[in-house]
Amino acid sequence: MKRLAISLEQLAERSNLALATWKAARGKRQRPPVARFLGELDARLDRLAASILNGEAPQGQYTSFTIHDPKRRVIHAACFADRVLQHAILNLAEPRFETMLVDSSYACRPGKGVHAAARQVQRNLQRFAWRVQVDVDGYFPSIDHACLKALLARRFKGDGFLALLGRIIDAGGNAGRGLPIGSLTSQHFANAYLDAADRWLLEDRRVRAHVRYMDDTLWWCDSRAEAQATLGEWSDFLWRERRLRLKPSAAIAHSRAGVVWCGYRVHQALILPSRRKLARYRRHARRLEAAWAEGLLTAAELQRAGANTLAPLAHSHSLGFRQGVWQQRPSIYDATDRE
């Protein structure tokens, strides 16, 4: 594959940085760090361009916080100037990241996403007999910096640009390993890091079908024996080529048993939300009911909030469940979505 040349001058062009600022600020303009940046936009972009050209970017400043969704994750949010920088990089580099990936990789890609992935998983369950489900153990913290930098050097060229990517990688890890969860570049780096493993399954082992969402991977075989063989070989490949290990929860099962995957219970005949998604929907409904009763929401705000609450379930078989939740709340039933 021909490498894509990106220069620091291209990256630092005002039009590119302005577009990156608009993307980074979208929906966040009222936040104090964003408002300050926008209030001094010309000066801030001048400084950012200079830091890019002088080899000083990124600032490497992160704010950390913990979420439980459902497992504990530490999220690292880059400072706003670095978020603008990352959008500027992706403005130029995202098309090459796209060409690196196989069609059956669904995370962080235009026109794909988790709902499309779940539908493809269902189609594969209908067509092929045995499935293998795997998940990488501590994926983002385990990504090897040297391996990632070598991978990027095979896809991009430009000494200054590659050095910048290297500084971004080094700023977010520890002792040569790890990427910060929550960073825009981390998502694309992590997605590309497993592409060789995807191609090994599809081209070397010629499995029947494959779906990956970041490090959650499924593939299909014609027999249990073949599934067991590919699982062992793929585990060896991941350690040899990417220094990654699989979680012990790797599983082989017949497709008629379905699979719990990316928040859905996917079966050959239907797609159901996970129990965690159902419980979250009930909690959101209770909060909306309380806010409506206290007069904290207008009808329009309640409608929008109800639509946002609906979104995670909208692509699954959940109509009866949703109707039951709202019918238990007659005070707001008429103001919410009753699809």
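It should be emphasised that the depicted structure is a prediction, and the values quoted were computed from it without experimental measurement. (Residues numbered from 1 in each chain as written. Predicted model: local features only at pLDDT ≥ 70, side-chain atom pairs only at ≥ 80, totals over all residues. Heavy atoms only, no water.)

To continue, consider the domain arrangement of the protein chain. Note: interface size is frequently given as the accessible area lost on complex formation between the parts. Structurally, the protein chain comprises domain 1 (1-98), domain 2 (101-143 + 179-272) and domain 3 (274-324). Domain 1 and domain 3 are separated by 33 Å when their C-alpha centres are compared. (Domains from an automatic or database assignment.)

Moving on: the pattern of salt bridges. A complete count under the given rule lists 14 salt bridges for this structure. Between Asp-135 and Lys-247 there is a salt bridge, with its nearest N and O atoms 3.0 Å apart. With Asp-135 in strand β4 (residues 130-135) and Lys-247 in the loop between α12 (224-242) and β8 (251-254), this pair connects stretches of sequence that are 112 residues apart. The exposure class assigned to Asp-135 is buried, which follows from its relative accessible area of 16%. The closest approach of N and O atoms between Arg-212 and Asp-198, which form a salt bridge, is 2.8 Å. (Salt bridge = Lys/Arg side-chain N within 4 Å of Asp/Glu carboxyl O. Helix = DSSP H or I, 4+ residues; strand = E, 2+ residues; numbered from the N terminus. Buried < 20%, exposed > 50% of the residue type's maximum accessible area, 1.4 Å probe, protein only.)

If you look at soluble globular proteins, the nonpolar side chains tend to sit buried side by side. Core analysis: the biggest nonpolar cluster contains 65 residues, and Ile-89 and Tyr-139 have the highest contact counts within it. Sort the elements by how many residues they give to this core and helix α5 (residues 80-100) lands first, with 10 residues. When residues of this core are assigned to domains, at least three map to each of domain 1 (1-98) and domain 2 (101-143 + 179-272). Apart from residues no more than four positions distant in its own chain, Ile-89 is found in contact with Leu-11, Phe-161, Leu-164, Leu-165 and Ile-168. Counting 16 residues, the second largest nonpolar core, distinct from the first, contains Ala-118, Val-211, Leu-218 and Ile-271. (Core = buried A, V, L, I, M, F, W, Y, C linked by side-chain atoms within 4.5 Å. Contact = heavy atoms within 4.5 Å.)

Further remarks concern helix α4 (residues 41-53). Residue pairs spaced three or four apart in an α-helix point in one direction, given the helix's 3.6 residues per turn. Taking 1.5 Å of rise per residue, the 13 residues of α4 would be expected to cover 18 Å, and the 18 Å separating its terminal C-alpha atoms lies within 8% of that figure. Buried residues in α4 make contact with α1 (8-12), α2 (14-25), α3 (32-39) and α5. One or two residues past the end of α4 sits Gly-55, with phi positive at roughly 75°. (Expected span 1.5 Å × (residues − 1).)

Here we take up the sheet that holds strand β9 (residues 259-261). Taken in spatial order, the three strands line up as β9-β10-β11 in an open sheet, and their pairing is antiparallel. Both edges of this open sheet fall to β9 and β11 (271-273), since each of them pairs with a single strand only. This sheet shows a mean twist of 25° between the axes of neighbouring strands, independent of strand direction. Sheet strands touched by helix α6 (residues 114-127): β9, β10 (264-266) and β11. Its angle to β10, the strand with the most contacts, is close to 25°. (Pairing = 2+ DSSP bridges. Axes fitted to C-alpha atoms, helices over the stretch in contact; angles between N-to-C directions.)

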